[in-house]
Amino acid sequence: MGFFEKFFGKKASADSAKERLQLVLIHDRTDLTPAELDSLRDDLVATISRHVEVDVKAMQIGVEHDGRSQRLVADIPLKSARRKTRKTK
Amino acid sequence: MPATVITITSGKGGVGKTTTVANLAVALALEGSRVVCIDGDIGLRNLDVILGLENRIVYDIVDVIEGRCRLKQAMIRDKKFTELYLIPAAQTRDKSAISANDMVRLVKELRSVCDFVLIDSPAGIERGFRNAIAGADRVLVVTNPEISAVRDADRVIGILEAEEKGPASLILNRLNPALVKSKDMLSSEDVLDLLAIELIGIVPEDENVIIASNRGAPVAADGKTKAGQAFRNIAKRLKGETVPFLDLDAQGGLWERIQRMAGRK
Ligand SMILES: Nc1ncnc2c1ncn2[C@@H]1O[C@H](COP(=O)(O)OP(=O)(O)O)[C@@H](O)[C@H]1O
Ligand SMILES: [Mg+2]
């Protein structure tokens, strides 16, 4: 990386390569495209919403890896639970 | 003890599979092992020229499989390393001339006559690759610190796991320490973090590799070169020795350091 890149705070090319690879490998390994992940998310919300009210805006779903194995991780806040924490404030 | 059969593969072409096979063969022979290399790249024969044995070919692997010669007749013996043999690829045939079962049978016959069988795999994940891994006890995946090579290595590692040929070990070839330092090349830590498999060797980018292939005498024969040392260390690790990784940063003498300080390297 040359002086100008450093001066203007441009990201090192090796760092871009690593970040891009991290994303690409998740999709290569799981056969899950971002679009499929979105539709999986919608299905999850629909199913869970039949039982409890969820905070759709705050929910997060993604694939994490531990060594070479992949894990689907969903963090789904429930609406009623959030209201309670607000009251106690 | 029966031989260990090791296949060297990569997914992507041009990352250094053939170079690795030739150098590990020489390095293992220097350690006193009996080695047979098989060029599995049918139709794109290359291991013969890298080892400097191209003028001695009479029979090839397809001749053995189709029964035109005995196995021993297709094994070319190296003149410098008398316990090193090459079974060349057929040049005018294609991959369909060989099946995975043929490879398993061939390798079985070789197990009793040497200590190591090294198989040079073609690029890709198709038939030639499948043939090359069919008889393997162990697989080494070669990659470069470069985005497409790492991605392809990951695919191959996944396939090897699915085929129960894993866990594979990684050889990171053509690492350029100066580029890693300036953060313009993935480091060995980055690559290991991404691929999450065992590392068995790091081979630096080294012009001696090209000079050696011009001459048909692999760099591992010369213990003074960085790449040669790296390949010798991998050979030792294959034999079960624990060898520390080369310090690639402490590279060169005063002149190189001056050049680097002046920003020329
Ligand atoms: N460590 C290295 N330093 C410099 N050049 C290398 C190194 N390893 C391989 N090469 C060169 O890269 C090219 C491709 O290598 P090769 O072994 O034929 O790859 P593959 O068999 O995977 O297609 C060759 O020209 C070779 O000389
Ligand atoms: Mg090759």
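What you see is a predicted model; the values in this text were computed from it and never measured. (Residues numbered from 1 in each chain as written. Chains lettered and ligands numbered in written order. Predicted model: local features only at pLDDT ≥ 70, side-chain atom pairs only at ≥ 80, totals over all residues. Heavy atoms only, no water.)

**Comments concerning the interface of chain B and chain A**
Counting from both sides, the interface comprises 18 residues of chain B and, opposite them, 17 residues of chain A. Here chain B packs against chain A, burying approximately 1,600 Å² in sum over the two surfaces, 54% of which is carbon and sulfur. Inspection of the region where chain B meets chain A yields 7 salt bridges. Seen at the junction of chain B and chain A, the total is 11 residue pairs in polar contact (both at pLDDT 80 or more). Among the elements of the structure, α7 (147–162) and α9 (188–195) of chain B are those that each provide at least two residues to the side of chain B that touches chain A. Here the residues of the side of chain B that touches chain A sort into 9 nonpolar, 2 polar and 7 charged. (Contact = heavy atoms within 4.5 Å. Buried area = accessible area lost by both parts, 1.4 Å probe. Salt bridge = Lys/Arg side-chain N within 4 Å of Asp/Glu carboxyl O. Polar contact = N/O pair within 3.5 Å; in protein donor to acceptor, adjacent residues only side chain to side chain. Helix = DSSP H or I, 4+ residues; strand = E, 2+ residues; numbered from the N terminus. Nonpolar A, V, L, I, M, F, W, Y, C, P; charged D, E, K, R; others polar.)

**Some words on the domain arrangement of chain A**
A common way to state how big an interface is: give the accessible area lost once the parts meet. Residues and elements named next belong to chain A. Domain assignment breaks chain A into domain 1 (1–31) and domain 2 (32–89). Across the domain 1 to domain 2 interface the summed buried area is about 690 Å²; carbon plus sulfur atoms make up 50%. The largest per-residue losses of area from domain 1 upon contact with domain 2 belong to Ile-26, His-27 and Arg-29, which jointly make up 66% of the total buried on that side. Linking domain 1 to domain 2 there are 0 salt bridges. Linking domain 1 with domain 2 are 0 residue pairs in polar contact (both at pLDDT 80 or more), by the criterion used here. Along the lines of polarity and charge, the residues of the side of domain 1 that touches domain 2 split into 1 nonpolar, 2 polar and 2 charged. (Domains from an automatic or database assignment.)

**Some details on unusual backbone geometry**
Across the chain, the bulk of peptide bonds are trans and the bulk of non-glycine residues have phi less than zero. Residue and element names in this part refer to chain B. For the bond from Gly-166 to Pro-167, the omega torsion is -5°, close enough to zero to count as cis. Residue placement: Pro-167 occurs in the loop between α7 and β7 (169–175). In this structure, Lys-183 is a non-glycine residue whose phi angle is positive, near 65°. Assignment of secondary structure puts Lys-183 in the loop between α8 (177–181) and α9. Phi at Ala-196 takes a positive value of approximately 50°, unusual for a residue other than glycine. Along the polypeptide, Ala-196 turns up in the loop between α9 and β8 (198–204). A relative accessible area of 28% means that Ala-196 is categorised as partly exposed. (Buried < 20%, exposed > 50% of the residue type's maximum accessible area, 1.4 Å probe, protein only.)

**Examining the environment of Met-103 of chain B**
All names here are of chain B. Mapped onto the secondary structure, Met-103 falls in helix α5 (residues 100–111). Spatially, the C-alpha atoms of Met-103 and Ala-196 are 29 Å apart, while their sequence positions differ by 93 residues. Ignoring sequence-local partners within four residues, the contact set of Met-103 consists of Ile-38, Ile-61, Ile-98, Ile-119 and Asn-131.

**What about the sheet that holds strand β1 (residues 4–9) of chain B?**
Residue and element names in this part refer to chain B. One open sheet accounts for 8 strands, arranged β3-β4-β2-β5-β1-β6-β7-β8; its pairing is mixed. Two strands in the sheet have a free side with no partner beyond their single neighbour: β3 (76–77) and β8. When β7 meets β8, the two strands line up parallel, connected through 6 bridges. Residue pairing for β8: Asn-173 is matched across the bridge by Val-203. Its contacts with the sheet place helix α11 (residues 226–238) against β1, β5 (116–120), β6 (138–143), β7 and β8, and it is angled at close to 160° to β8. (Pairing = 2+ DSSP bridges. Axes fitted to C-alpha atoms, helices over the stretch in contact; angles between N-to-C directions.)

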